[in-house]
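Structure assessment
One letter stands for each residue in the lines below.
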Amino acid sequence: MKTAIRAALLTFSRDPLLYGVEAGMRHESDAVVVMEDGRIAAVGPASTLLPTLRPEVVVTSYPDGLILPGFIDCHVHYPQTEMIAAYGEQLIDWLNHYTFVTEQGFADKAHAAAVAEVFLAEQLRHGVTSSAVFCTVFPDSVDALFEAAERRRMRLIAGKVCMDQFAPAALLDTAERAYDESKALIGRWHGRGRAEYAITPRFAPTSSSAQLEALGALAAEYPDMAIQSHLAETPREIAWAKSLHPDCPHYTGVYQHYGLLRPRAVYGHGIHLQEEELQLLYDSGASLAHCPSSNFFLGSGCFDLRRARAMPRPVTVGLASDLGAGTSFSMLHTMRSAYEAAQLNGFPLSAPQAFYLATRGSAEALGLADKVGSIEVGLEADLVVLNLRSTPLIDFRMRYVRDIQEALFVQMILGDDRAVAATYVAGQLQYCPGQA
Ligand code: GUN
Ligand code: ZN
C-alpha cells in the first residue's frame, strides 16, 4: 500500500565539505515522499507529485516540518544506556569503574532485553533509524538487541564485544570463544531481515594477539561484513596499545596487522592520529566515527574533522553518539558538539556538513549508502520529520532566519528530542510525540 508525507525536504548525495553545498544538498520547500513496500517510491515537489497520486493514497502533512533521512548513529553502546552521565572520570578509569561493572548485568538476558527496549525506543524518539551498536561479551545480549530491532523493523548493525584481557573475569571470553560465538551470531542474524552483524573487538588493548588474529581470520571469511572498534581516543590508551604491540609502527598499524582495516570497518574516535595513520585509514577504505559529545564528556580531546577529511586522502567520517560516554541520543545535540569541536580547531563546521555527517556520512562509513541515509527513489523509507518550531525560543528565532542553512543551524544548536515530529522506519510510522 502506498502512503505519502508532505513537508519541506532535505537530503544529501555527497559531502558538502568536499563537493560544495550546491552539488551535495537537495532542498525542497514543499515536497512529497511516497512510500511503498518499505521503500521510497517517489520524491519531488508537492506541486508536481500530488496530481499524480491516486485519490486513495493517504498524504500526511507536517506543517513547519522538514523531512530528512533518518539519522544514523554509527557508533553506540546500548548496554551503557543505564550508565549515561556517570560522573567524573577519563576513559580508562571510566571503563573500569562504571562500564565494566554495568556490562556484567547483561549476562541476564531478561535485563538485556529490557535495556534494548529502552534503547531503541529512545533512538526512535530522537529520529535515529539505524545504528552500529556494541553489545556486551554475552551472545544473549546480542540476541536481545536484534530481537527488539526486528520487532521495529529497524536496519541495525550490531556485534558481540570481544575481549580476553584487562577486564573483570566475568566479561572475558577467549580467542576461540570470540571466534565461535561471533560466528554463531553471524549464522543466526546476519542478513536476517534488516539485521547485519559487525565483528566487534572492543579495542586493541583488551584483545590478546591471539584474539585479534582469530577475529582477523573471521573477517577474512566475511569480506563484506562490518567491523567496529575504537582507535586513538586518548593518549593513555594509545601508549597502552603501543606497549602491547611494540612491533607495530602505530596504533592503527595494530588493526592493519590483524586484517581489521578495510571498507565497512568503523573505528570510534581517531582523535590523536598521525598523518601516516590517516593515510592508512584512507588507503584501506576504513572509516572513523566522530563522537564529539563523548570526547567532551571524557575529556578525550577535540577531533579535527577538517584534517581527517583533507584532500588528497579524505578519510570517510560518520557521526556518532558513543553513548554512554556520549551525553545524548540526539543527533542534533551531537551535531552541536561537532560544531563546537570544529570551532576549537579553528573551523566553523557548517549546518549542511553536520546534517550530512548524521545521515549520508554515517551511511557511507557503514557501507549502507545504497540502502539508507538519503531520500532517493528505491532506497529504504527510513525518515525523520523535524518540527522546525519545536520550542518557544526556536519558534521565535526562526522568524529571523533568512535561508535553509540558517534554519538548519538553529535546529542543530537549539533543537533536541522535542524537534522530532515523526520517525518512519521502512515506510511505517514508528514514533510520533504523544504516542505510547
Ligand atoms: N574504548 C574501549 N571501550 C570503550 C567504550 O565502551 N567507550 C568508549 N568511549 N571508549 C572505549
Ligand atoms: Zn565507543
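Here we summarise the structure given alongside this text. (Residues numbered from 1 in each chain as written. Chains lettered and ligands numbered in written order. Predicted model: local features only at pLDDT ≥ 70, side-chain atom pairs only at ≥ 80, totals over all residues. Heavy atoms only, no water.)

Remarks on the pairing of strand 14 (residues 383-387)
Along a regular strand, successive side chains alternate from one face of the sheet to the other. Our working rule: Note on exposure labels: buried denotes an accessible area under 20% of the residue type's maximum, exposed denotes more than 50%, and partly exposed covers the range between, all computed with a 1.4 Å probe on protein chains only. A helix here means a DSSP run of H or I that spans at least four residues, while a strand means a run of E at least two residues long, and both kinds are numbered starting from the N terminus. Strands qualify as paired when DSSP identifies two bridges or more between them.
Buried residues dominate strand 14, accounting for four of its five residues. Note that strand 4 (residues 58-69) and strand 14 share five bridges and pair antiparallel. From the neighbouring strand, Leu66 faces strand 14, where its bridge partner is Leu386. Here four bridges tie strand 14 to strand 15 (residues 420-425), and the two strands are oriented antiparallel to one another. Note that in strand 15 the partner of Val384 across the bridge is Thr423.

Describing helix 6 (residues 139-151)
Each α-helix winds once per 3.6 residues, and so residues spaced three or four apart point in a common direction. What counts here: By definition here, a helix of n residues has an expected span of 1.5 Å times n minus one. It only takes one pair of heavy atoms within 4.5 Å for two residues to be counted as in contact.
Taking 1.5 Å per residue, 13 residues should reach 18 Å; helix 6 reaches 19 Å between its end C-alpha atoms and fits that length. Of all the residues in helix 6, the buried ones are Ser141, Val142, Asp143, Ala144, Leu145, Phe146, Ala148 and Ala149. Where helix 6 is buried, its residues touch helix 5 (109-125), strand 6 (128-134), strand 7 (155-159), helix 7 (175-189) and strand 9 (195-201). In the stretch just after helix 6, Arg153 is the one whose phi turns positive, near 60°.

Focus: the packing of aromatic side chains
For the record, the criterion: Classification of ring pairs rests on two measures: the distance between centres of Phe, Tyr or Trp rings, Trp counted by its six-membered ring, which must be within 6.5 Å, and the angle between planes, read as stacked under 30 degrees, edge-to-face over 60 and tilted in between.
For the structure shown, the criterion picks out eleven aromatic pairs. The interplanar angle of 85° and the centroid separation of 6.1 Å between the aromatic rings of Phe203 and Trp240 together place this pair among those described as edge-to-face. A residue pair is termed long-range when its members are at least 10 positions apart, and Phe203 in the loop between strand 9 and helix 8 (209-221) and Trp240 in helix 9 (residues 235-244) qualify at 37 residues. When the centroid spacing of 4.6 Å and the interplanar angle of 40° are considered together, the rings of Tyr255 and Tyr267 count as tilted. In this pair, Tyr255 sits in helix 10 (residues 251-257) while Tyr267 sits in strand 11 (residues 265-269), placing the two residues twelve residues apart along the sequence. Overall, the relative accessible area of 1% leaves Tyr255 in the buried class.

Let's talk about the site of ligand 1
Selection criterion: Any residue with a heavy atom lying within 4 Å of a molecule or strand is counted as near it. Polar contacts, as used here, are pairs of N or O atoms within 3.5 Å; protein pairs need one atom able to donate a hydrogen and one able to accept it. Residues neighboring in sequence count only if both atoms are side-chain atoms. Per-residue and other accessible areas follow the Shrake-Rupley method at a 1.4 Å probe size, with only the shown protein chains counted as cover for residues.
Close to ligand 1 lie His77, Gln80, Leu91, Trp94, Leu95, Arg202, Phe203, His230, Glu233, His269, Asp322 and Ala325, which account for all nearby residues. Interatomic distance of 2.7 Å between a side-chain N/O atom of Glu233 and a nitrogen atom of ligand 1. Asp322 is positioned such that a nitrogen or oxygen atom in its side chain is 2.7 Å from a nitrogen atom of ligand 1. When isolated, ligand 1 has an accessible area of 280 Å², and the protein chains bury 100% of it.

Thoughts on the coordination of the zinc ion (ligand 2)
The line we're drawing: Water is not among the atoms examined, so metal sites may look incomplete; donors are the N, O and S atoms within 2.8 Å of the metal, or within 3.2 Å for Na, K and Ca. The rule is simple: four donors are tetrahedral if all their angles sit between 85 and 135 degrees, four are square planar and six octahedral if opposite donors span more than 155 degrees and the others lie between 65 and 115, and anything that fits none of that is irregular.
Listed as protein donors to the zinc ion (ligand 2) are His75 (NE2), His77 (NE2), His230 (NE2) and Asp322 (OD); their distances from the metal cover 2.1 to 2.2 Å. Geometry at the zinc ion (ligand 2) is irregular, judged from the four donor atoms that bind it and their angles of 92 to 163° at the metal. Mapped onto the sequence, the donors of the zinc ion (ligand 2) take the spacing H-x1-H-x152-H-x91-D. Highlighted residues: His75 in strand 5 (residues 71-77) and His230 in strand 10 (residues 226-231), separated in sequence by 155 residues. You'll find His75 and His230 in the same group, each marked buried.

Observations regarding the packing of helix 14 (residues 331-344) against helix 15 (residues 351-366)
Put simply, the rule reads: To get an axis, a line is fitted to the C-alpha atoms, and for a helix only the part in contact is used. The angle between two axes follows their N-to-C directions and goes from 0 to 180 degrees. By definition in this entry, angles of less than 35 degrees are roughly parallel, angles greater than 145 are roughly antiparallel, angles of 65 to 115 are roughly perpendicular, and the rest are oblique. The hand of a helix crossing depends on one turn: near helix anticlockwise from the far one by less than a right angle means left-handed, and clockwise means right-handed. Polarity classes work like this: nonpolar for Ala, Val, Leu, Ile, Met, Phe, Trp, Tyr, Cys and Pro, charged for Asp, Glu, Lys and Arg, and polar for all others, with Gly in that last group.
Running from N to C, helix 14 and helix 15 point in directions that differ by 130°, and their axes come no closer than 10 Å. Looking at the two axes, helix 14 sits oblique to helix 15. Crossing angle aside, the handedness with which helix 14 passes helix 15 is right-handed. Facing Met331, Leu332 and Met335 of helix 14, the residues of helix 15 in contact are Ala354, Phe355 and Ala358. Partitioned by chemical class, the residues of the contact of helix 14 with helix 15 number six nonpolar, no polar and no charged.

A few points about the pattern of salt bridges
The cut-off we apply is this: When a carboxyl oxygen of Asp or Glu lies within 4 Å of a side-chain nitrogen of Lys or Arg, that pair is called a salt bridge.
Under the counting rule described, the total for this entry stands at 31 salt bridges. One salt bridge connects Arg389 with Asp64, and the closest N-O pair in it is separated by 3.4 Å. Residue Arg389 is found in the loop between strand 14 and helix 16 (392-398), and its partner Asp64 is found in strand 4; the two are separated by 325 residues along the sequence. For Arg389, a relative accessible area of 29% translates into the label partly exposed. In this structure, Arg402 engages Glu406 in a salt bridge whose closest nitrogen and oxygen atoms are separated by 2.5 Å. Taken together, the shared-partner salt bridges in this structure form one network comprising Arg155, Arg194, Glu196, Arg264, Glu380 and Asp382.

Comments concerning the pairing of strand 1 (residues 3-12)
With eight of its ten residues buried, strand 1 lies for the most part within the structure. By the bridge criterion, six bridges tie strand 1 to strand 4 in an arrangement that is parallel. What sits directly across from Thr3, in strand 4, is Val58. As judged from the nine bridges shared by strand 1 and strand 2 (residues 25-36), these two strands associate in the antiparallel manner. Paired with Leu10 across the bridge in strand 2 is His27.

Section: unusual backbone geometry
Note the cis peptide between Met311 and Pro312, where omega equals 5°. When you line up the elements, Pro312 lands in the loop between helix 13 (305-308) and strand 13 (316-319). For Arg153, which is not glycine, the phi torsion reads 60° and is therefore positive. Its place among the elements puts Arg153 in the loop between helix 6 and strand 7. The phi dihedral of Ala232 is positive, around 50°, even though this residue is not glycine. Within the secondary structure, Ala232 is located in the loop between strand 10 and helix 9.

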